[in-house]
Amino acid sequence: MNMIPCEHRVPVSLGDRSYEILIQNELLSQLGKICQALGLAGRMAIVTNAIVDSLYGRVVRGALKRAGFACTTILLPEGEGAKSLSWLGKILDELVINRFERRDTLLALGGGVVGDVTGFAAASYLRGVPFVQVPTTLVAQVDSSVGGKTGVNHPLGKNLIGAFYQPKAVIVDPNVLQTLPKREWVAGLAEVIKYGVIADSRFFEFLETHVEELRSQHEAVIPLMVRRCCEIKAEVVAGDERESGRRRILNYGHTVGHALEAWGKYATWIHGEAVGIGMVQEASIGQYLGRCDAEVVERQTELIREVGLPVAMPKWTFSDLWSGMQHDKKVVGGQINCVIPERLGQMQVLPLNRPDIQKWFSRHGASNAKVFPLRRGPALRTRTVRKK
Ligand code: NAD
Ligand code: GLY
(Lines give C-alpha, C1' and ligand atoms only; values in the text may rest on other atoms or scores of the structure.)
(Ligands and ions follow the chains in the order given, each with its own letter.)
Protein backbone atom coordinates (compact mmCIF):
# COMPACT_ATOMS: atom_id res chain seq x y z
CA MET A 1 0.00 0.00 0.00
CA ASN A 2 2.88 2.38 0.64
CA MET A 3 3.52 2.66 -3.09
CA ILE A 4 0.24 4.63 -3.37
CA PRO A 5 1.02 8.22 -2.36
CA CYS A 6 -1.70 9.65 -0.14
CA GLU A 7 -2.01 12.85 1.87
CA HIS A 8 -3.47 11.34 5.05
CA ARG A 9 -3.06 7.71 6.12
CA VAL A 10 -4.44 6.33 9.35
CA PRO A 11 -3.46 2.79 10.32
CA VAL A 12 -5.97 0.52 12.06
CA SER A 13 -3.74 -1.93 13.93
CA LEU A 14 -5.46 -5.27 14.38
CA GLY A 15 -2.76 -7.88 13.81
CA ASP A 16 -3.47 -9.89 10.69
CA ARG A 17 -6.66 -7.87 10.15
CA SER A 18 -4.82 -4.52 10.07
CA TYR A 19 -5.58 -2.03 7.33
CA GLU A 20 -5.24 1.60 6.42
CA ILE A 21 -7.67 4.46 6.05
CA LEU A 22 -6.53 6.56 3.08
CA ILE A 23 -7.86 10.12 2.98
CA GLN A 24 -7.36 12.46 0.04
CA ASN A 25 -9.43 14.49 -2.38
CA GLU A 26 -9.98 12.81 -5.78
CA LEU A 27 -8.98 9.38 -4.45
CA LEU A 28 -11.94 7.75 -6.23
CA SER A 29 -10.11 7.96 -9.54
CA GLN A 30 -7.24 5.94 -8.04
CA LEU A 31 -9.41 3.15 -6.67
CA GLY A 32 -8.21 0.56 -9.19
CA LYS A 33 -4.53 1.16 -8.43
CA ILE A 34 -5.23 1.06 -4.70
CA CYS A 35 -7.12 -2.22 -4.97
CA GLN A 36 -4.26 -3.69 -6.99
CA ALA A 37 -1.77 -2.53 -4.37
CA LEU A 38 -3.91 -4.28 -1.76
CA GLY A 39 -3.33 -7.53 -3.63
CA LEU A 40 -6.96 -7.81 -4.71
CA ALA A 41 -7.66 -9.56 -7.98
CA GLY A 42 -10.61 -11.05 -9.79
CA ARG A 43 -14.02 -9.47 -9.91
CA MET A 44 -15.55 -6.61 -7.99
CA ALA A 45 -19.18 -6.32 -6.87
CA ILE A 46 -19.88 -2.64 -6.27
CA VAL A 47 -22.78 -2.31 -3.85
CA THR A 48 -24.35 1.14 -3.88
CA ASN A 49 -27.66 2.92 -4.41
CA ALA A 50 -29.10 4.80 -7.38
CA ILE A 51 -28.20 8.27 -6.10
CA VAL A 52 -24.57 7.48 -5.32
CA ASP A 53 -24.28 5.40 -8.47
CA SER A 54 -25.49 8.30 -10.60
CA LEU A 55 -22.91 10.61 -9.00
CA TYR A 56 -19.86 8.37 -8.68
CA GLY A 57 -20.56 4.99 -10.29
CA ARG A 58 -18.93 5.93 -13.59
CA VAL A 59 -15.67 7.19 -12.09
CA VAL A 60 -15.44 4.19 -9.74
CA ARG A 61 -16.12 1.61 -12.45
CA GLY A 62 -13.73 3.43 -14.81
CA ALA A 63 -10.91 3.38 -12.25
CA LEU A 64 -11.47 -0.30 -11.46
CA LYS A 65 -11.73 -1.34 -15.08
CA ARG A 66 -8.51 0.49 -15.97
CA ALA A 67 -6.82 -1.69 -13.36
CA GLY A 68 -8.29 -4.85 -14.88
CA PHE A 69 -11.21 -5.51 -12.51
CA ALA A 70 -14.47 -6.77 -14.01
CA CYS A 71 -17.30 -4.97 -12.23
CA THR A 72 -20.87 -5.89 -11.32
CA THR A 73 -23.02 -3.20 -9.73
CA ILE A 74 -25.72 -4.11 -7.20
CA LEU A 75 -28.18 -1.32 -6.44
CA LEU A 76 -29.92 -1.12 -3.08
CA PRO A 77 -32.88 1.10 -2.29
CA GLU A 78 -32.47 4.41 -0.55
CA GLY A 79 -32.65 4.64 3.22
CA GLU A 80 -32.40 2.54 6.36
CA GLY A 81 -34.81 -0.07 4.92
CA ALA A 82 -31.92 -1.44 2.84
CA LYS A 83 -30.23 -2.55 6.05
CA SER A 84 -32.49 -5.59 6.33
CA LEU A 85 -32.27 -9.35 6.09
CA SER A 86 -34.30 -9.21 2.92
CA TRP A 87 -31.86 -6.87 1.14
CA LEU A 88 -28.91 -8.81 2.51
CA GLY A 89 -30.50 -11.87 0.88
CA LYS A 90 -30.79 -10.03 -2.43
CA ILE A 91 -27.10 -9.10 -2.41
CA LEU A 92 -26.20 -12.72 -1.67
CA ASP A 93 -28.53 -13.88 -4.48
CA GLU A 94 -26.64 -11.67 -6.92
CA LEU A 95 -23.30 -13.05 -5.78
CA VAL A 96 -24.50 -16.63 -6.13
CA ILE A 97 -26.15 -16.01 -9.53
CA ASN A 98 -22.97 -14.34 -10.79
CA ARG A 99 -20.82 -17.14 -9.32
CA PHE A 100 -18.65 -14.88 -7.27
CA GLU A 101 -15.67 -16.73 -5.85
CA ARG A 102 -13.67 -16.43 -2.62
CA ARG A 103 -11.01 -14.19 -4.17
CA ASP A 104 -13.57 -11.75 -5.58
CA THR A 105 -14.25 -8.51 -3.71
CA LEU A 106 -17.26 -6.55 -2.46
CA LEU A 107 -16.87 -2.80 -2.60
CA ALA A 108 -19.27 -0.67 -0.55
CA LEU A 109 -19.80 2.68 -2.27
CA GLY A 110 -22.11 4.84 -0.19
CA GLY A 111 -23.13 5.83 3.30
CA GLY A 112 -23.36 3.79 6.46
CA VAL A 113 -26.39 1.85 5.25
CA VAL A 114 -24.59 0.53 2.17
CA GLY A 115 -21.36 -0.06 4.16
CA ASP A 116 -23.03 -1.98 7.00
CA VAL A 117 -25.07 -4.35 4.84
CA THR A 118 -22.28 -4.87 2.29
CA GLY A 119 -19.81 -5.67 5.04
CA PHE A 120 -22.18 -8.25 6.46
CA ALA A 121 -22.70 -9.77 3.01
CA ALA A 122 -18.90 -9.99 2.65
CA ALA A 123 -18.61 -11.60 6.10
CA SER A 124 -21.20 -14.25 5.31
CA TYR A 125 -20.77 -15.03 1.59
CA LEU A 126 -18.60 -18.16 1.27
CA ARG A 127 -17.78 -17.58 4.98
CA GLY A 128 -15.92 -14.40 4.11
CA VAL A 129 -14.70 -12.61 1.00
CA PRO A 130 -12.54 -9.46 0.79
CA PHE A 131 -14.31 -6.16 1.16
CA VAL A 132 -13.36 -2.51 0.68
CA GLN A 133 -15.13 0.50 2.13
CA VAL A 134 -15.53 3.62 0.00
CA PRO A 135 -17.63 5.85 2.27
CA THR A 136 -19.48 8.78 0.70
CA THR A 137 -21.31 10.40 3.63
CA LEU A 138 -19.81 12.23 6.59
CA VAL A 139 -21.19 9.60 9.00
CA ALA A 140 -19.55 6.87 6.94
CA GLN A 141 -16.22 8.68 6.48
CA VAL A 142 -15.75 9.44 10.18
CA ASP A 143 -17.39 6.41 11.72
CA SER A 144 -19.24 3.56 10.07
CA SER A 145 -16.63 2.53 7.50
CA VAL A 146 -13.96 2.06 10.18
CA GLY A 147 -13.85 -0.69 12.78
CA GLY A 148 -15.59 -3.64 11.19
CA LYS A 149 -19.08 -3.43 12.66
CA THR A 150 -21.30 -4.79 9.92
CA GLY A 151 -24.91 -5.86 9.99
CA VAL A 152 -28.59 -5.24 9.46
CA ASN A 153 -31.53 -4.11 11.58
CA HIS A 154 -34.34 -6.13 13.12
CA PRO A 155 -37.79 -4.50 13.18
CA LEU A 156 -37.45 -4.33 16.98
CA GLY A 157 -34.03 -2.77 17.10
CA LYS A 158 -31.04 -1.36 15.26
CA ASN A 159 -28.05 -3.45 14.22
CA LEU A 160 -29.23 -6.53 16.11
CA ILE A 161 -27.94 -8.95 13.46
CA GLY A 162 -24.36 -8.71 12.25
CA ALA A 163 -20.69 -9.57 12.54
CA PHE A 164 -17.36 -7.96 13.24
CA TYR A 165 -15.65 -8.09 9.88
CA GLN A 166 -12.84 -5.76 8.92
CA PRO A 167 -12.39 -4.28 5.44
CA LYS A 168 -9.13 -4.55 3.50
CA ALA A 169 -8.98 -0.75 3.34
CA VAL A 170 -11.11 2.35 3.82
CA ILE A 171 -10.72 4.76 0.92
CA VAL A 172 -11.96 8.24 1.74
CA ASP A 173 -12.40 10.96 -0.88
CA PRO A 174 -13.65 14.00 1.09
CA ASN A 175 -14.57 15.75 -2.18
CA VAL A 176 -17.63 13.54 -2.54
CA LEU A 177 -19.14 15.23 0.51
CA GLN A 178 -19.75 18.30 -1.67
CA THR A 179 -22.81 16.60 -3.19
CA LEU A 180 -24.21 15.46 0.14
CA PRO A 181 -27.61 16.97 1.01
CA LYS A 182 -27.25 19.60 3.74
CA ARG A 183 -29.31 17.55 6.18
CA GLU A 184 -26.96 14.56 5.81
CA TRP A 185 -23.88 16.77 6.27
CA VAL A 186 -25.25 18.32 9.46
CA ALA A 187 -26.29 14.89 10.79
CA GLY A 188 -22.71 13.68 10.32
CA LEU A 189 -21.48 16.53 12.49
CA ALA A 190 -23.15 14.85 15.48
CA GLU A 191 -20.71 11.91 15.15
CA VAL A 192 -17.83 14.38 14.70
CA ILE A 193 -18.78 16.24 17.90
CA LYS A 194 -19.10 12.86 19.63
CA TYR A 195 -15.35 12.23 19.13
CA GLY A 196 -14.51 15.53 20.81
CA VAL A 197 -16.67 14.71 23.82
CA ILE A 198 -15.53 11.11 24.25
CA ALA A 199 -11.81 11.42 23.60
CA ASP A 200 -10.33 14.80 22.75
CA SER A 201 -11.24 18.06 24.47
CA ARG A 202 -8.85 20.02 22.19
CA PHE A 203 -10.65 18.70 19.13
CA PHE A 204 -13.94 19.71 20.79
CA GLU A 205 -12.55 23.24 21.26
CA PHE A 206 -11.44 23.28 17.62
CA LEU A 207 -15.01 22.45 16.60
CA GLU A 208 -16.41 25.15 18.89
CA THR A 209 -14.18 27.74 17.27
CA HIS A 210 -14.97 26.63 13.70
CA VAL A 211 -18.76 26.50 13.76
CA GLU A 212 -19.10 28.71 10.69
CA GLU A 213 -16.71 26.51 8.71
CA LEU A 214 -18.60 23.43 9.84
CA ARG A 215 -21.95 24.88 8.87
CA SER A 216 -20.70 26.05 5.49
CA GLN A 217 -18.80 22.82 4.81
CA HIS A 218 -15.55 24.71 4.35
CA GLU A 219 -13.16 22.65 2.22
CA ALA A 220 -10.10 23.49 4.30
CA VAL A 221 -11.40 21.87 7.49
CA ILE A 222 -12.92 18.69 6.06
CA PRO A 223 -9.91 16.40 5.42
CA LEU A 224 -8.30 17.37 8.74
CA MET A 225 -11.53 16.86 10.64
CA VAL A 226 -12.15 13.49 8.97
CA ARG A 227 -8.58 12.43 9.73
CA ARG A 228 -8.83 13.34 13.45
CA CYS A 229 -12.09 11.40 13.79
CA CYS A 230 -10.57 8.39 12.01
CA GLU A 231 -7.48 8.54 14.24
CA ILE A 232 -9.62 8.47 17.37
CA LYS A 233 -11.80 5.67 16.05
CA ALA A 234 -8.78 3.65 14.89
CA GLU A 235 -7.11 4.00 18.29
CA VAL A 236 -10.25 2.90 20.16
CA VAL A 237 -10.94 -0.03 17.81
CA ALA A 238 -7.31 -1.21 17.90
CA GLY A 239 -7.55 -1.44 21.68
CA ASP A 240 -10.92 -3.19 21.83
CA GLU A 241 -12.03 -4.61 18.49
CA ARG A 242 -14.99 -6.57 19.85
CA GLU A 243 -16.30 -3.99 22.26
CA SER A 244 -15.60 -5.71 25.52
CA GLY A 245 -14.60 -2.44 27.18
CA ARG A 246 -13.39 0.92 25.91
CA ARG A 247 -15.04 0.67 22.49
CA ARG A 248 -18.34 1.26 24.25
CA ILE A 249 -17.47 4.98 24.39
CA LEU A 250 -18.18 5.10 20.65
CA ASN A 251 -21.79 4.35 21.48
CA TYR A 252 -22.24 7.62 23.31
CA GLY A 253 -25.62 9.07 22.35
CA HIS A 254 -26.72 5.77 20.80
CA THR A 255 -28.70 4.29 23.74
CA VAL A 256 -31.30 7.03 23.47
CA GLY A 257 -30.50 7.61 19.78
CA HIS A 258 -31.30 4.06 18.68
CA ALA A 259 -34.49 4.11 20.78
CA LEU A 260 -35.52 7.29 18.94
CA GLU A 261 -34.72 5.84 15.53
CA ALA A 262 -36.80 2.71 16.18
CA TRP A 263 -39.67 4.73 17.73
CA GLY A 264 -39.63 7.01 14.66
CA LYS A 265 -39.73 3.88 12.44
CA TYR A 266 -36.35 4.90 10.98
CA ALA A 267 -38.15 7.62 9.06
CA THR A 268 -38.33 10.56 11.45
CA TRP A 269 -34.71 11.32 12.28
CA ILE A 270 -31.69 10.25 10.31
CA HIS A 271 -29.01 8.43 12.27
CA GLY A 272 -26.74 11.38 13.09
CA GLU A 273 -29.69 13.52 14.19
CA ALA A 274 -30.87 10.80 16.57
CA VAL A 275 -27.31 10.47 17.95
CA GLY A 276 -27.12 14.25 18.51
CA ILE A 277 -30.39 14.24 20.46
CA GLY A 278 -29.19 11.11 22.28
CA MET A 279 -25.94 12.82 23.36
CA VAL A 280 -27.83 15.81 24.73
CA GLN A 281 -30.31 13.62 26.62
CA GLU A 282 -27.74 11.12 27.93
CA ALA A 283 -25.55 13.95 29.27
CA SER A 284 -28.68 15.41 30.88
CA ILE A 285 -29.35 12.03 32.55
CA GLY A 286 -25.73 12.02 33.78
CA GLN A 287 -26.11 15.52 35.19
CA TYR A 288 -29.39 14.58 36.88
CA LEU A 289 -27.64 11.62 38.51
CA GLY A 290 -24.79 13.89 39.64
CA ARG A 291 -22.29 12.12 37.39
CA CYS A 292 -21.73 14.62 34.57
CA ASP A 293 -20.25 18.11 34.71
CA ALA A 294 -22.74 20.89 33.93
CA GLU A 295 -20.07 22.37 31.65
CA VAL A 296 -20.17 19.37 29.29
CA VAL A 297 -23.95 19.49 29.13
CA GLU A 298 -23.97 23.19 28.32
CA ARG A 299 -21.07 23.32 25.84
CA GLN A 300 -22.15 20.16 24.06
CA THR A 301 -25.80 21.22 23.76
CA GLU A 302 -24.72 24.62 22.48
CA LEU A 303 -22.40 23.18 19.84
CA ILE A 304 -24.93 20.60 18.66
CA ARG A 305 -27.58 23.29 18.39
CA GLU A 306 -25.23 25.77 16.68
CA VAL A 307 -24.29 23.41 13.87
CA GLY A 308 -28.00 23.05 13.14
CA LEU A 309 -28.94 19.77 14.80
CA PRO A 310 -32.10 19.05 16.80
CA VAL A 311 -31.60 18.58 20.54
CA ALA A 312 -35.10 17.94 21.93
CA MET A 313 -36.95 14.66 22.40
CA PRO A 314 -40.32 14.09 20.73
CA LYS A 315 -43.72 13.71 22.38
CA TRP A 316 -43.16 10.17 23.49
CA THR A 317 -43.81 8.45 26.76
CA PHE A 318 -41.40 7.17 29.36
CA SER A 319 -42.28 3.61 28.37
CA ASP A 320 -41.46 4.38 24.70
CA LEU A 321 -38.02 5.52 25.82
CA TRP A 322 -37.44 2.74 28.35
CA SER A 323 -38.55 -0.09 26.07
CA GLY A 324 -36.45 1.34 23.22
CA MET A 325 -33.42 1.43 25.48
CA GLN A 326 -33.94 -2.26 26.39
CA HIS A 327 -32.88 -3.24 22.87
CA ASP A 328 -29.49 -1.61 23.23
CA LYS A 329 -26.58 -4.00 22.77
CA LYS A 330 -25.01 -2.82 26.03
CA VAL A 331 -27.89 -4.33 28.03
CA VAL A 332 -26.52 -7.10 30.27
CA GLY A 333 -28.96 -9.31 32.16
CA GLY A 334 -31.69 -6.75 31.53
CA GLN A 335 -29.51 -3.96 32.97
CA ILE A 336 -29.25 -0.86 30.77
CA ASN A 337 -25.71 0.52 30.73
CA CYS A 338 -25.24 3.95 29.28
CA VAL A 339 -21.96 5.66 28.34
CA ILE A 340 -21.95 9.15 29.79
CA PRO A 341 -19.23 11.82 29.97
CA GLU A 342 -17.91 12.80 33.38
CA ARG A 343 -16.21 15.74 31.67
CA LEU A 344 -14.92 16.42 28.15
CA GLY A 345 -12.70 13.54 27.03
CA GLN A 346 -13.49 11.36 30.07
CA MET A 347 -16.25 8.77 29.80
CA GLN A 348 -17.89 6.34 32.26
CA VAL A 349 -20.38 3.49 31.92
CA LEU A 350 -23.40 4.06 34.16
CA PRO A 351 -25.97 1.38 34.96
CA LEU A 352 -29.39 3.04 34.72
CA ASN A 353 -32.33 1.99 36.85
CA ARG A 354 -35.95 2.50 35.93
CA PRO A 355 -37.09 4.70 38.86
CA ASP A 356 -34.22 7.19 38.34
CA ILE A 357 -34.82 7.51 34.61
CA GLN A 358 -38.56 7.79 35.15
CA LYS A 359 -37.94 10.70 37.56
CA TRP A 360 -35.50 12.31 35.12
CA PHE A 361 -38.02 11.86 32.30
CA SER A 362 -40.89 13.43 34.21
CA ARG A 363 -38.73 16.44 35.00
CA HIS A 364 -36.85 16.90 31.68
CA GLY A 365 -37.99 14.36 29.14
CA ALA A 366 -41.17 15.87 27.83
CA SER A 367 -39.94 19.45 27.70
CA ASN A 368 -39.61 21.26 24.41
CA ALA A 369 -41.05 18.28 22.55
CA LYS A 370 -41.01 18.47 18.80
CA VAL A 371 -41.14 15.77 16.16
CA PHE A 372 -38.96 16.41 13.14
CA PRO A 373 -40.80 15.48 9.97
CA LEU A 374 -39.75 12.88 7.47
CA ARG A 375 -37.90 14.56 4.63
CA ARG A 376 -36.41 11.54 2.95
CA GLY A 377 -38.23 9.98 0.05
CA PRO A 378 -39.49 6.39 0.02
CA ALA A 379 -37.40 3.51 -1.29
CA LEU A 380 -36.34 4.11 -4.87
CA ARG A 381 -36.16 0.50 -6.01
CA THR A 382 -37.72 -2.68 -4.88
CA ARG A 383 -35.38 -5.05 -6.66
CA THR A 384 -31.68 -5.25 -7.42
CA VAL A 385 -30.58 -4.09 -10.81
CA ARG A 386 -27.26 -5.20 -12.18
CA LYS A 387 -24.94 -3.31 -14.47
CA LYS A 388 -22.05 -5.08 -16.11
P1 NAD B 1 -27.11 6.61 4.55
O2 NAD B 1 -26.18 5.51 4.29
O3 NAD B 1 -28.56 6.31 4.54
O4 NAD B 1 -26.82 7.76 3.50
C5 NAD B 1 -27.53 8.96 3.59
C6 NAD B 1 -28.03 9.47 2.26
O7 NAD B 1 -26.98 10.11 1.57
C8 NAD B 1 -28.57 8.45 1.33
O9 NAD B 1 -29.76 8.98 0.81
C10 NAD B 1 -27.53 8.33 0.23
O11 NAD B 1 -28.08 7.99 -1.00
C12 NAD B 1 -26.98 9.71 0.19
N13 NAD B 1 -25.62 9.85 -0.23
C14 NAD B 1 -24.56 9.12 0.15
N15 NAD B 1 -23.42 9.66 -0.30
C16 NAD B 1 -23.76 10.75 -1.01
C17 NAD B 1 -23.02 11.74 -1.70
N18 NAD B 1 -21.69 11.76 -1.68
N19 NAD B 1 -23.71 12.72 -2.34
C20 NAD B 1 -25.06 12.75 -2.30
N21 NAD B 1 -25.81 11.86 -1.62
C22 NAD B 1 -25.16 10.88 -0.98
O23 NAD B 1 -26.82 7.29 5.98
P24 NAD B 1 -25.48 7.43 6.84
O25 NAD B 1 -25.75 8.52 7.80
O26 NAD B 1 -24.28 7.48 6.00
O27 NAD B 1 -25.39 6.06 7.63
C28 NAD B 1 -26.31 5.73 8.62
C29 NAD B 1 -26.19 4.26 8.92
O30 NAD B 1 -24.87 3.98 9.37
C31 NAD B 1 -27.12 3.81 10.02
O32 NAD B 1 -27.69 2.59 9.65
C33 NAD B 1 -26.20 3.58 11.20
O34 NAD B 1 -26.66 2.61 12.09
C35 NAD B 1 -24.94 3.16 10.52
N36 NAD B 1 -23.73 3.36 11.32
C37 NAD B 1 -22.89 2.30 11.46
C38 NAD B 1 -21.73 2.43 12.19
C39 NAD B 1 -20.77 1.28 12.26
O40 NAD B 1 -19.84 1.34 13.07
N41 NAD B 1 -20.92 0.25 11.46
C42 NAD B 1 -21.41 3.66 12.77
C43 NAD B 1 -22.28 4.74 12.58
C44 NAD B 1 -23.44 4.58 11.84
N1 GLY C 1 -20.08 3.23 15.88
C2 GLY C 1 -19.76 2.48 17.05
C3 GLY C 1 -18.61 1.56 16.88
O4 GLY C 1 -18.05 1.43 15.81
O5 GLY C 1 -18.23 0.92 17.81
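The structure under discussion appears in the preceding block.
Within each chain, residues carry numbers counting from 1 in the order of the written sequence. Labels are handed out in written order, letters beginning with A for the chains and numbers beginning with 1 for the ligands. Local features in this predicted model are restricted to residues of pLDDT 70 or higher, and side-chain atom pairs are both shown and tallied only at a pLDDT of 80 or more, whereas totals for entire chains, interfaces and linings draw on every residue. Each side-chain value is derived from all of the structure's non-hydrogen atoms; neither hydrogens nor water enter the calculation.

J.: What is the right way to read the pattern of salt bridges from this model?
T.: Side chains that differ in charge, positive against negative, can pair when their charged atoms come close. Put simply, a salt bridge is a Lys or Arg side-chain nitrogen that is within 4 Å of an Asp or Glu carboxyl oxygen. Applying the stated criterion across every chain, the model contains 21 salt bridges. The partner of Glu231 in a salt bridge is Arg227, with the nearest N and O atoms 3.4 Å apart. Here the residue Glu231 and the residue Arg227 both occupy positions in helix 9 (residues 222-239), the gap between them amounting to 4 residues, near one helical turn. Buried means the residue's accessible area, taken with a 1.4 Å probe over protein chains only, is under 20% of the maximum for its type, while exposed means over 50%, and partly exposed covers the values in between. Relative accessible area serves as the criterion here: at 28%, Glu231 is assigned to the partly exposed category. Within this structure, Glu80, Lys83, Asp116, Lys158 and Glu261 form a network of salt bridges that share partners. Here a strand is any run of E in DSSP of at least two residues, a helix any run of H or I of at least four, and the numbering for each starts at the N terminus.

J.: Explain the site of ligand 2 here, please?
T.: Around ligand 2, the neighbouring residues are Asp143, Lys149, Lys233, Glu243, Arg247, Leu250 and Asn251. In protein, a polar contact requires one atom able to donate a hydrogen and another able to accept it; more generally it is a pair of N or O atoms within 3.5 Å, and residues adjacent in sequence count only if both atoms are side-chain atoms. One of the side-chain nitrogen or oxygen atoms of Lys149 is found 2.8 Å away from an oxygen atom of ligand 2. Within the side chain of Arg247, one N or O atom sits 2.8 Å away from an oxygen atom of ligand 2. A total of 200 Å² of accessible area belongs to ligand 2 in isolation, and the protein chains cover 90% of it. A molecule or strand has a residue near it when one of that residue's heavy atoms lies within 4 Å. All accessible areas in this document rest on Shrake-Rupley with a 1.4 Å probe, and a residue is counted as covered only by the protein chains that are shown.

J.: What's the story with the packing of aromatic side chains in this structure? I'm lost.
T.: Each aromatic ring pair is specified by the distance between its two centres and by the angle formed by the two planes. Between rings of Phe, Tyr and Trp, where Trp is taken as its six-membered ring, a pair exists when centres lie within 6.5 Å; planes separated by under 30 degrees are stacked, by over 60 edge-to-face, and by other angles tilted. Enumeration according to the criterion identifies 7 aromatic pairs in this entry. Judged by centre distance (6.2 Å) and plane angle (15 degrees), the ring pair of Phe131 and Tyr165 falls under stacked. Linking Phe131 in strand 6 (residues 131-135) with Tyr165 in the loop between strand 8 (157-164) and strand 9 (169-172), this pair joins segments that are 34 residues apart in sequence. An angle of 65 degrees between the planes, with centres 5.9 Å apart, marks the rings of Phe318 and Phe361 as edge-to-face. Of the two residues, Phe318 sits in helix 13 (residues 318-326) while Phe361 sits in helix 14 (residues 354-365), which places them 43 residues apart along the sequence. Grouping residues by exposure puts Phe318 and Phe361 together as buried. Site record: aromatic cluster; members linked through ring pairs are Phe318, Trp322, Trp360 and Phe361. A ring is considered to have a charge above it if a Lys NZ or an Arg CZ atom is located within 6 Å of its centre and within 35 degrees of its normal. Lys90 extends its terminal NZ or CZ atom over the ring of Trp87, reaching a point 4.3 Å from the ring centre. The ring of Tyr195 carries Lys194 above its face, with NZ or CZ at 5.2 Å from the centroid.

J.: Is there a simple way to think about the pairing of strand 8 in this case?
T.: The side chains of a regular strand alternate between the sheet's two faces. Bridging between strand 7 (residues 149-154) and strand 8 involves 5 bridges; their strand directions are antiparallel. In the strand pairing of strand 8, Thr150 is matched with Ala163. Two strands qualify as a pair provided that DSSP identifies no fewer than 2 bridges between them. Counting the residues between successive antiparallel strands, the hairpin from strand 7 to strand 8 contains 2 residues.

J.: Even after reading the chapter, I still don't get the side chain of Thr301, so can you show me in this structure?
T.: Of note, Thr301 is situated in helix 12 (residues 294-306). At 2.5 Å, the side chain of Thr301 and the backbone oxygen of Val297 are in polar contact. Every residue pair with non-hydrogen atoms within 4.5 Å of one another is taken to be in contact. Leave out the neighbours within four places in its chain, and Thr301 touches Val280, Val296 and Val311.

J.: I tried to follow the site of ligand 1 on my own but got confused; where do I start?
T.: As a matter of local geometry, ligand 1 sits amid 29 residues, with Glu78, Thr136, Thr137, Lys158 and Thr179 nearest to it. In isolation ligand 1 offers 860 Å² of accessible surface; the protein chains occlude 94% of this area. Listed by contribution, the elements that provide at least two residues to the shell around ligand 1 are helix 2 (50-66), helix 4 (112-124), helix 5 (138-144), strand 8 and helix 6 (182-199). A total of 4 residues in the shell around ligand 1 trace back to one element, the largest contributor, which is helix 2. Ten residues, namely Ala, Val, Leu, Ile, Met, Phe, Trp, Tyr, Cys and Pro, are considered nonpolar, four, namely Asp, Glu, Lys and Arg, are considered charged, and the remaining ones, Gly among them, are considered polar. For the shell around ligand 1, the per-class residue count stands at 9 nonpolar, 9 polar and 11 charged.

J.: Hey, could you run me through empty space enclosed by the protein in this one?
T.: One way to see where empty space is left: roll a probe the size of a water molecule over the atoms. For cavity detection a 1 Å grid was placed over the protein atoms alone, and a set of points counts as a cavity when a 1.4 Å probe fits there but cannot get out; an open set counts as a pocket when protein lies on both sides within 12 Å along at least five of seven lines, with lining residues being those that have an atom within 4 Å of a point. Grid points are joined across faces, edges and corners, and a volume is the space filled by probe spheres set on the points. In total, this model carries 1 cavity of 30 Å³ or more according to the counting rule given. Considered as a void within the structure, the largest cavity measures approximately 50 Å³ in volume. If you trace the largest cavity, you find it lined by Asn25, Pro174, Asn175, Gln178, Glu219, Ile222 and Pro223. Residues that form the lining of the largest cavity fall into these classes: 3 nonpolar, 3 polar and 1 charged.

J.: Just checking my understanding: could you explain the pairing of strand 6 for this structure?
T.: The element strand 6 is largely enclosed, with a buried count of 5 among its 5 residues. Judged by which residues are buried, strand 6 turns out to be covered on both faces: Phe131, Gln133 and Pro135 on one side and Val132 and Val134 on the other are all buried. With the strands aimed away from the viewer, a crossover counts as right-handed if its path from the first strand over the helix to the second runs clockwise. Regarding topology, helix 4 serves as the crossover connection from strand 5 (residues 105-110) to the parallel strand 6, and that connection is right-handed. Bridge count between strand 6 and strand 9: 2 bridges; the pairing is parallel. Within strand 9, the residue paired with Gln133 across the bridge is Val170.

J.: What's the story with the nonpolar core in this structure? I'm lost.
T.: The tendency in soluble globular proteins is for nonpolar side chains to be buried as a group. In terms of nonpolar packing, the biggest core is built from 76 residues, with Ile21, Leu138, Trp185 and Ile193 touching the most fellow members. With residues near it in sequence (within four places) discarded, Ile193 still touches Phe204, Leu207, Met279, Leu303, Ile304 and Val307. Only buried residues count toward a nonpolar core. Its members are Ala, Val, Leu, Ile, Met, Phe, Trp, Tyr and Cys residues joined through side-chain atoms within 4.5 Å. In this structure, Leu28, Leu31, Val52 and Leu107 belong to the second largest nonpolar core, which totals 26 residues.

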